[in-house]
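Okay, here's what each chain looks like letter by letter:
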Amino acid sequence: MNDGAVLHIKGRVLVGPEDVRDELWVVDGRVTYDRPAGAAAADVRTVSGWVLPGLVDAHCHVGLDAHGAVDEATSEKQALTDRDTGTLLIRDAGSAADTRWIDDREDLPRIIRAGRHIARTRRYIRNYAHEIEPEVLAEYVTAEARRGDGWVKLVGDWIDRDRGDLAACWPADALRAAIAAAHAEGARVTAHCFAAESLPDLLAAGIDCVEHATGLTEELIPQFAERGVAIVPTLVNIATFPALADGGEAKFPAWSAHMRRLHERRYDTVGAANDAGVPIFVGTDAGGSLAHGLVADEVAELVKAGLTPTAALSAASWGARAWLGRDGLSEGASADLVVYASDPRADVRVLADPQLVVLRGRPVG
Ligand SMILES: [Zn+2]
């Protein structure tokens with residue numbers, strides 16, 4: 001806190017999966033493990049519990065709803081919902097709204113932006129993306145890399161209405177040039193991919209991460225592991241595939257069948273990727289058709305897919321923060337943390353009920 005008051009958290013501070021300490025102090029908005037000298041007892045608020053670094057939603061959209069960009073009041077509500085469920089760091093996986101104003105708000109989560117989605121013409125949800133052709137892909141990627149916070153988001157596959165099924169959106173040479181352009185700007189690239197088809201070209205082009213990744217196969221998984229290409233499965237979103245398939249059945253039966261197959265093997269896919277050592281992170285895909293604040297549900301889904309509770313927690317906390325280049329609970333870090341009543345490593349369902357959320361040293365929510 002920045003008003004002279006000191007927060008003292010006693011219990012079990014999960015600095016890392018194996019690094020557990022007994023207490024932590026928040027002084028001037030920062031984490032310290034040294035008891036502050038001269039803090040009068042009256043100025044110290046003591047809280048007990050299990051402490052995690054602020055949770056990470058690595059696939060979230062602030063400023064977006066099912067129809068496209070939303071106004072600032074709606075964006076604020078989305079960010080507050082995320083915050084109050086303990087999500088204090090968001091990797092925004094594409095937004096049509098300019099949410100840069102959120103960076104000036106001490107009470108709202110930190111956002112790492114991927115700019116606006118880049119999709120092939122008429123090959124994505126209406127009003128979301130820059131819809132372009134391959135000749136200008138690298139140019140758009142450069143522009144979004146400069147607008148964002150170190151990430152660029154491509155739509156790698158989508159339904160091809162002529163084919164009546166999912167199909168890759170970009171030729172291999174355009175992807176190579178585009179990903180090289182992003183890397184030249186110091187940005188990483190991720191892509192929305194449901195099917196397997198788009199993955200080999202994206203891998204060959206040097207992609208850094210794949211969203212959803214339901215199309216991962218036995219042949220592709222070792223290549224992802226070897227290259228360290230991360231996946232953000234968004235299983236709470238994949239759960240909507242059967243309903244999407246029902247809706248598209250009459251017009252696109254092959255697409256519907258494909259979506260059902262991807263859905264049926266979703267846990268096996270994520271489990272096999274995890275077994276092979278593919279980095280996996282928690283993302284909810286909130287903001288399109290899904291509600292904000294589902295981070296606890298997604299962690300539980302990853303456990304269902306075969307991650308240990310500690311690995312699933314790491315995918316939303318220690319591991320995710322390291323992957324995004326942000327501090328956890330190290331000495332001097334901004335005090336972005338969540339306190340729970342019991343050990344989340346024993347049962348991840350406790351994430352649904354945070355006792356206290358602290359952002360930039362201030363209790364919020
Ligand atoms: Zn998304």
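Residues numbered from 1 in each chain as written. Predicted model: local features only at pLDDT ≥ 70, side-chain atom pairs only at ≥ 80, totals over all residues. Heavy atoms only, no water.

1. Brief notes about the sheet that holds strand β19 (residues 356-359)
Backbone-to-backbone hydrogen bonds pair the strands of a sheet. The strands run either parallel or antiparallel. Heads up, the rule is: Between any two strands, at least two bridges found by DSSP are needed for them to pair. A helix here means a DSSP run of H or I that spans at least four residues, while a strand means a run of E at least two residues long, and both kinds are numbered starting from the N terminus. The axes are straight lines fitted to the C-alpha atoms, using for helices just the contacting stretch, and the angles between their N-to-C directions are given from 0 to 180°.
Pairing in this open sheet of seven strands is mixed, and the strands run β3-β2-β1-β4-β18-β19-β20 from one edge to the other. The open sheet has two edge strands with one neighbour each: β3 (30-32) and β20 (362-364). Each strand axis lies, on average, 40 degrees off the axis of its neighbour in the sheet, ignoring direction. Where strand β18 (residues 337-340) lies against β19, three bridges are found, and the strand directions are antiparallel. Bridge pairing in β19 links V338 to V357.

2. Here's the deal with the environment of A311
Inspection of the secondary structure assignment puts A311 in helix α11 (residues 309-314). Sequence separation between A311 and N274 is 37 residues, and the spatial gap between their C-alpha atoms is 9.4 Å.

3. Points about the pattern of salt bridges
Basically, it comes down to this: A side-chain nitrogen of Lys or Arg and a carboxyl oxygen of Asp or Glu constitute a salt bridge if their distance falls within 4 Å. Only protein chains enter the calculation, and the probe is 1.4 Å; a residue is then buried if its accessible area is under 20% of its type maximum, exposed if over 50%, and partly exposed in between.
All told, the structure shown has 19 salt bridges when counted by the stated rule. The residue E211 makes a salt bridge to R91 at a minimum N-O spacing of 2.7 Å. Placement of E211 in strand β16 (residues 209-212) and of R91 in strand β8 (residues 87-92) is noted, with a sequence separation of 120 residues between them. R91 gets classed as buried once you look at its relative accessible area, which sits at 1%. Measuring nitrogen to oxygen at the nearest pair gives 2.9 Å for the salt bridge that ties E197 to R163. Of the two residues, E197 sits in the loop between β15 (188-193) and α4 (199-205) while R163 sits in the loop between β13 (157-160) and β14 (165-168), which places them 34 residues apart along the sequence.

4. With respect to the domain arrangement of the protein chain
Here is the rule we go by: For the domain bounds, the source is a domain assignment made automatically or taken from a database. Contact between two residues is taken to exist if any of their heavy atoms lie within 4.5 Å; hydrogens are not considered. Joining two parts hides part of their accessible area as seen by a 1.4 Å probe, and the buried area is that hidden amount summed over both. In the analysis that follows, any N or O atom pair within 3.5 Å is treated as a polar contact, provided that within protein one partner can donate a hydrogen and the other can accept it, and provided that, for residues neighboring in sequence, both atoms belong to side chains.
Per the domain assignment, the segments making up the protein chain are domain 1 (6-53 + 328-364) and domain 2 (55-323). Here the C-alpha centroids of domain 1 and domain 2 sit 30 Å apart. Across the contact, 23 residues belong to domain 1 and 22 residues belong to domain 2. With both sides pooled, the region where domain 1 packs onto domain 2 buries about 2,000 Å², and carbon together with sulfur makes up 69% of that total. Broken down residue by residue, the surface that domain 1 buries against domain 2 is led by V348, L351 and R360, which jointly contribute 30%. There are one salt bridge connecting domain 1 and domain 2. Salt-bridge contacts for D336 lead to R110; the nearest nitrogen and oxygen are separated by 2.6 Å. Taken together, domain 1 and domain 2 are joined by six residue pairs in polar contact (both at pLDDT 80 or more). For the side of domain 1 that touches domain 2, the secondary structure elements donating two or more residues are β4 (44-53), β18 and β19.

5. A word on the coordination of the zinc ion
Put simply, the rule is: As a rule, N, O and S atoms within 2.8 Å of a metal are its donors, except that Na, K and Ca use 3.2 Å; water is not among the atoms, so sites may look incomplete.
Around the zinc ion, the protein supplies H59 (NE2), H61 (NE2) and D285 (OD) as donor atoms, at distances of 2.0 to 2.1 Å. Linear spacing of the donor residues for the zinc ion on their chain is H-x1-H-x223-D. By the burial criterion, H59 is buried, and H61 matches it.

6. Section: helix α5 (residues 220-227)
Under the convention used in this document: The directions considered for the arc are those from the helix axis to the C-beta atoms.
Of all the positions in α5, only L220, I221 and F224 are classed as buried. The buried residues of α5 occupy an angular sector of 100 degrees when the element is viewed end-on, so they sit on one face. In this fold, the buried residues of α5 make contact with α4, β16, β17 (230-232) and α9 (266-276). In the segment just after α5, G228 is the residue with positive phi, at about 70 degrees.

7. Quick look at the packing of aromatic side chains
Filter applied, for reference: Ring pairs are drawn from Phe, Tyr and Trp, using the six-membered ring of Trp, whenever the two centres fall within 6.5 Å, and their geometry is named by plane angle: stacked under 30 degrees, edge-to-face over 60, tilted for the rest. Here, a charge over a ring means that NZ of Lys or CZ of Arg falls within 6 Å of the ring centre while also lying within 35 degrees of the ring normal.
With the rule as written, the count across this model stands at six aromatic pairs. Ring geometry for Y124 and W158: centres 4.8 Å apart, planes at 70 degrees, overall edge-to-face. Placement of Y124 in the loop between β10 (118-120) and β11 (130-132) and of W158 in strand β13 is noted, with a sequence separation of 34 residues between them. Residue classification places W158 among the buried positions, given a relative accessible area of 16%. Through pairs of rings, three or more aromatic residues link up here, namely Y124, Y128, W158, F194 and F241. Here R21 stacks its cationic end above the ring of Y33, 4.3 Å away from the centre of that ring.

8. Description of the side chain of S317
Checked against the element boundaries, S317 lands in the loop between α11 and α12 (318-323). Not counting residues within four places of it along the chain, the set of residues in contact with S317 comprises L52, P53, L55 and V56.

9. Some remarks on the side chain of T214
Relative to the helices and strands, T214 resides in the loop between β16 and α5. Residue classification places T214 among the buried positions, given a relative accessible area of 4%. Looking at T214, its side chain comes within polar contact range of the main-chain oxygen of F194, at 2.7 Å. The residues touching T214, leaving out its near neighbours within four places in the chain, are C193, F194, I238, F241, L262, R265 and T269.

10. Focus on the nonpolar core
Our working rule: As used in this record, nonpolar core signifies buried Ala, Val, Leu, Ile, Met, Phe, Trp, Tyr and Cys residues forming a set joined through side-chain atoms within 4.5 Å.
Judged by nonpolar contacts, the single largest core of 79 residues is most densely connected at L137, L154, L216, F224 and L302. In terms of residues, this core owes the most to one element, helix α3 (residues 172-184), which gives five residues. Viewed by domain, this core spans two of them, domain 1 (6-53 + 328-364) and domain 2 (55-323), each represented by three or more residues. Every residue in contact with L216, bar those within four places of it in the chain, is listed here: L199, I221, F224, I231, R265, T269 and A273. Counting residues in hydrophobic clusters, the runner-up holds 16 residues, among them L7, V26, V31 and V51.

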